[in-house]
2 protein chains.
Amino acid sequence: MEQTKKRTEIAELGQFGLIDHLTKGFEPKDKTTRLGVGDDAAVIATPENEETVISTDTFFEGVDFDLTYFPLKHLGYKVVTAAISDILAMNATPSQITVSLGVSAKLPVEALDDLYEGIRFACKEQEVDLVGGDTRASLTGLVISLTAVGHAPKEKIVRRSGAQLNDLICITGNLGAAYMGLQLLEREKRVLRQVDNPEPQFKGYEYLLEKYLKPRSRTDIISALAEEKIVPTSMIDLSDGLGSDLLQICKSSKCGARIYLDRIPIAQQTSRLAEEMHNDPVVAALNGGEDYELLFTVPLSMQEQIMRLGLVDVIGHITKESTGCFLVTPDGNDITIQAQGFVQQKPEEVAESK
Amino acid sequence: MEQTKKRTEIAELGQFGLIDHLTKGFEPKDKTTRLGVGDDAAVIATPENEETVISTDTFFEGVDFDLTYFPLKHLGYKVVTAAISDILAMNATPSQITVSLGVSAKLPVEALDDLYEGIRFACKEQEVDLVGGDTRASLTGLVISLTAVGHAPKEKIVRRSGAQLNDLICITGNLGAAYMGLQLLEREKRVLRQVDNPEPQFKGYEYLLEKYLKPRSRTDIISALAEEKIVPTSMIDLSDGLGSDLLQICKSSKCGARIYLDRIPIAQQTSRLAEEMHNDPVVAALNGGEDYELLFTVPLSMQEQIMRLGLVDVIGHITKESTGCFLVTPDGNDITIQAQGFVQQKPEEVAESK
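Structure report, in brief. Since this is a predicted model, take the numbers as computed values, not measurements. (Residues numbered from 1 in each chain as written. Chains lettered and ligands numbered in written order. Predicted model: local features only at pLDDT ≥ 70, side-chain atom pairs only at ≥ 80, totals over all residues. Heavy atoms only, no water.)

Another point: the overall build of chain A. Looking only at helices and strands, one finds eleven helices and 14 strands in chain A. Whereas a compact globule of 354 residues would reach a radius of gyration of roughly 20 Å, chain A reaches 21 Å, a difference of no more than 12%. Expressed as a percentage of its 354 residues, the buried residues of chain A come to 60%. Looking at chain A alone, contacts between residues at least 24 apart form 86% of all its contacts between residues at least 6 apart. Carbon and sulfur atoms form 50% of the exposed surface of chain A, whose accessible area is close to 14,900 Å². (Helix = DSSP H or I, 4+ residues; strand = E, 2+ residues; numbered from the N terminus. Rg over C-alpha atoms; globule rule 2.2 N^0.38 Å. Buried < 20%, exposed > 50% of the residue type's maximum accessible area, 1.4 Å probe, protein only. Contact = heavy atoms within 4.5 Å. Areas by Shrake-Rupley, 256 points an atom, 1.4 Å probe, with all protein chains shown as cover.)

Here we take up the interface of chain A and chain B. At the interface, 61 residues of chain A touch 61 residues of chain B. Surface buried jointly by chain A and chain B totals about 5,000 Å² across both partners, of which 52% is contributed by carbon and sulfur atoms. When residues of chain A are sorted by the area they lose upon contact with chain B, A:D40, A:I54 and A:R136 head the list and together hold 15% of the total. Where A:K251 meets B:D20, a salt bridge forms, and the shortest distance between an N and an O atom there is 2.5 Å. Remark: the boundary between chain A and chain B carries 23 residue pairs in polar contact (both at pLDDT 80 or more). (Buried area = accessible area lost by both parts, 1.4 Å probe. Salt bridge = Lys/Arg side-chain N within 4 Å of Asp/Glu carboxyl O. Polar contact = N/O pair within 3.5 Å; in protein donor to acceptor, adjacent residues only side chain to side chain.)

Moving on: the relation of the copies chain A and chain B. For the match of chain A to chain B, the screw axis carries a shift of 0.0 Å, the RMSD comes to 0.0 Å, and the turn is 180 degrees. Those values place the two copies in the arrangement expected of a two-fold rotation axis. Taken together, the interface assignments show that 100% of the residues at the interface of chain A recur at the interface of chain B, consistent with an identical surface on both copies. (Least-squares fit on C-alpha atoms with pLDDT ≥ 70 in both.)

We now examine the environment of B:S234. Residues and elements named next belong to chain B. Among the structural elements, S234 can be located in strand β9 (residues 234-237). S234 gets classed as buried once you look at its relative accessible area, which sits at 0%. C-alpha of S234 to C-alpha of R160: the two residues are 74 residues apart in sequence and 4.7 Å apart in space. At 2.6 Å, the side chain of S234 forms a polar contact with the side chain of T297.

Because each turn of an α-helix spans 3.6 residues, side chains separated by three or four positions end up pointing in the same direction. Residue and element names in this part refer to chain A. With 18 residues, helix α3 (residues 109-126) should reach 26 Å at 1.5 Å per residue; the first-to-last C-alpha distance of 25 Å fits that figure. Where α3 is concerned, the buried positions are V109, E110, A111, L112, L115, Y116, G118, I119, A122, C123 and Q126. Where α3 is buried, its residues touch α1 (10-23), α2 (72-88), β4 (93-103), β5 (129-132), β7 (143-153) and α6 (219-227). Following α3 by one or two positions, E127 adopts a phi angle in the positive range, close to 55 degrees. (Expected span 1.5 Å × (residues − 1).)

Turning to the environment of A:A226, a few remarks are in order. Residues and elements named next belong to chain A. Tracing the sequence through the fold places A226 in helix α6. You can call A226 partly exposed: its relative accessible area is 33%. When the C-alpha positions of A226 and K156 are compared, they lie 9.0 Å apart, and in sequence the two are 70 residues distant.

With the rule as written, the count across this model stands at six aromatic pairs over all chains. Note that A:R136 overlies the ring of B:F59, its terminal NZ or CZ placed 5.4 Å from the centroid. When the ring centre of B:Y77 is taken as reference, the NZ or CZ atom of B:K214 above it lies at 4.5 Å. (Phe/Tyr/Trp six-rings, centres within 6.5 Å; stacked < 30°, edge-to-face > 60°. Lys NZ or Arg CZ within 6 Å of the ring centre and 35° of its normal.)

Here the focus is the packing of helix α5 (residues 206-213) of chain B against helix α8 (residues 268-276) of chain B. Residues and elements named next belong to chain B. Viewed as axis vectors pointing N to C, α5 and α8 meet at an angle of 100 degrees, and their least axial separation amounts to 8 Å. The angle between α5 and α8 falls in the class roughly perpendicular. Between α5, through E206, Y207 and L208, and α8, the contact on the second element is made entirely by Q269, T270 and L273. Taken together, the residues of the contact of α5 with α8 sort by class into three nonpolar, two polar and one charged. (Axes fitted to C-alpha atoms, helices over the stretch in contact; angles between N-to-C directions. Parallel < 35°, antiparallel > 145°, perpendicular 65-115°, else oblique. Nonpolar A, V, L, I, M, F, W, Y, C, P; charged D, E, K, R; others polar.)

Attention now goes to the sheet that holds strand β13 (residues 325-328) of chain A. All names here are of chain A. Taken in spatial order, the seven strands of this open sheet run β9-β11-β8-β12-β10-β13-β14, and their pairing is mixed. Looking at the sheet topology across the chains shown, the edges are occupied by β9 (234-237) and β14 (334-336). The average angle at which neighbouring strand axes cross in this sheet is 25 degrees, direction not considered. Bridge analysis of strand β8 (residues 168-172) against strand β12 (residues 312-319) gives five bridges, and the strand direction is antiparallel. Directly across from L168, in β12, lies its bridge partner H317. Packing of helix α7 (residues 242-253) onto the sheet brings it into contact with β8, β9, β10 (256-260), β11 (294-298), β12 and β13, and relative to β9 it is tilted by some 150 degrees. (Pairing = 2+ DSSP bridges.)

A few words on the side chain of B:E293. Residue and element names in this part refer to chain B. Tracing the chain through its elements places E293 in the loop between α9 (281-287) and β11 (294-298). At 2.6 Å, the side chain of E293 and the side chain of T172 are in polar contact. Each residue touching E293, except ones within four places of it in the same chain, is listed here: T172, G173, N174, L175, K211, R218, I236, D237 and L238.

Further remarks concern the sheet that holds β11(B). All names here are of chain B. Read across the open sheet, the seven strands follow the order β9-β11-β8-β12-β10-β13-β14; overall the sheet is mixed. One side of each edge strand has no neighbouring strand; the edge strands of this open sheet are β9 and β14 (334-336). Averaged over all pairs of adjacent strands, the angle between their axes in this sheet comes to 25 degrees, without regard to strand direction. Here strand β8 (residues 168-172) runs beside β11; their pairing, made up of four bridges, is antiparallel. Across the sheet, the residue bridging to C170 is F296, located in β11. Along the sheet face, helix α6 (residues 219-227) touches β8, β9 and β11 and points at about 20 degrees away from the line of β11. Its contacts with the sheet put helix α7 (residues 242-253) on β8, β9, β10 (256-260), β11, β12 (312-319) and β13 (325-328), and the angle it makes with β9 is roughly 150 degrees.

Right, let's get into the pattern of salt bridges. Per the stated rule, a full pass over the model turns up 40 salt bridges over all chains. Notably, a salt bridge pairs A:D57 with B:R136, separated by 3.9 Å at the nearest N-O pair. Of this pair, A:D57 sits in strand β3 (residues 50-60) while B:R136 sits in strand β6 (residues 135-137), on two different chains. B:R136 carries the same exposure label as A:D57, and that label is buried. Linking A:K73 and A:E117 is a salt bridge whose minimum nitrogen-to-oxygen distance equals 3.5 Å. Placement of the pair is A:K73 in helix α2 and A:E117 in helix α3, with a sequence separation of 44 residues.

Here we come to α8(B). All names here are of chain B. Where α8 is concerned, the buried positions are Q269, T270, L273 and A274. Buried residues of α8, seen end-on, are gathered within an arc of 130 degrees and therefore sit on one face of the element. Facing away from the buried surface of α8 by more than 90 degrees, the exposed residues are Q268 and E275. Just past α8, the residue H278 takes up positive phi, approximately 55 degrees. (Arc of directions from axis to C-beta.)

Attention now moves to the pairing of β12(B). Residue and element names in this part refer to chain B. With respect to burial, β12 is a largely interior element, six of its eight residues being buried. The sheet contact formed by β10 and β12 spans four bridges and is antiparallel. Bridge assignment links I259 to a residue of β12, and that residue is G316.

Another point: the side chain of A:T297. Residue and element names in this part refer to chain A. Its location among the elements puts T297 in strand β11. Exposure remark for T297: the relative accessible area of 2% places this residue in the buried category. Engagement of the side chain of T297 in a polar contact is seen with the side chain of T233, the distance being 2.6 Å. Those residues in contact with T297 that lie beyond four places of it in its chain are A163, D167, L168, I169, P232, T233, S234 and I318.

This is the structure we're talking about:
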């Protein structure tokens, strides 16, 4: 089927033609966007009494994504989620993104159209404007670099450094699903290499695939916190895994933490696939990254308010720095939490490091 | 000599350790920086009555730079110049950058230290803060993605789209030097492949090397324009070559242009090397990119003011859209100006397309 698709070489459009082609139809809608794509720089007006937050992420083919099973449309959606997630983690409202591509000649224009369709869809859904970016040749794989911009009143911006003794540690959603989705895709890729006319086995694990291939931004959490007038004392987005990200909060806030294993929310499909693959679902939840959920702390006095949101689990509390960071098992054992970057690991290595 | 240098593998520091190591000592200084490196996002306060301008650029090893002759310290400096150049082209003052790296394991930590030394030096010289960025594994070459942020009063921001009939076309500095610097480096690389104990021949062309390897930002122009109370009608930075960049102004402003060959400023070293290499210096000036000079238009009535700056050459004027874009030769011939992206061309191809 793939062969019947039209294939337009990037060279046919040229560098400038390609940029024009890809960014066509991205009309700025946010009230803070003064000038979008097509000049040396975008122009953004910061709302009165607000500050600008800005963050950059880069995604590399073969390291951060594998095009053999990652549909480009989903990839476009996912990189926007990842970029926006950093803005949400500051308790700010995302408003603009720029997208900078490195493209190898092996990809036709139609592939980039798919990628941009995903970007366009995510921008529309999240109400952010695409305001800039360039497209360059890459000698090797696809490289996608995004910068996200957002705004928030100064007093509502939340850093990693504000967690206080006895604060509650809260997380949204459930953990490890994206990681198990990746494991599943990698497994099927290995299987398919050995079989003729293969049919990948994803049945029953659709949720895991969606969490890995098309994760949603938790903009709803930022809105819900604002409605309840809750300003977290510290916050981070879960992109590197609960373990690493909690350690970042503790390092910045100069504190320790105790989280309880039986309170970590893990989806049924995550547990089921982990068992099937002889993995520990808790390892997936702790070390698996790219969940793009939010990890934050609030004062103990806000326990009721937080529970009322119905969107958040309290998984532990902040302790003194000198006591360290621990995962407490149901039988009362303390396990030291260690940093574990997600992006530079292949699933095999994670499995080995268990 | 290279062998006696200490070599620390990136893996020894780990992903988070490396980011900490590289960004150590980047203390925010700009009055608009509220929060720098080390959180999910940087926080920037826009000065009252000003707007934020933002631009992203990505540089790929093997496409945008060749590490066999590009010292990493210079590369760090140059990418900051390139990023800032887009902010200057909006007539704005640069204030922050973020730097996102894709790093292959072949580079030791010491190489990245050199890169960051150049970045640090450029930031200090240009008075911009490094406020964020990440470092990821790249399976192939070095990839550097920068986002630059700046500020300007709304009424002083200059777009590409404001050029008017009869406006003067002005450029700063001289053109083609960076391109000839690249040609020289490529020539010596070819020669060195064939010779034992080689000594590259750069004597007499030091200026060209500096323009290519360590170009300066034209912040002085933005200050001089402000002092003389000149707000250009349109502006762009010369990164893709005079031809392409002038066409961008004409496209955005819906106008034509006539520029005069004998008014295009070309440095002596540029002409001399072009002759030596049997190249046309005008082709280098028109199609060679990465000069990071500024191209802008001002009303005819400002001719005296502009000349008084002593920093600018008037090379032509804006015409009606229907008349097209031409380079006028001394003997009165009109040559149609054509777009010619710089980054995707190897020097050989430019020579062939003459």
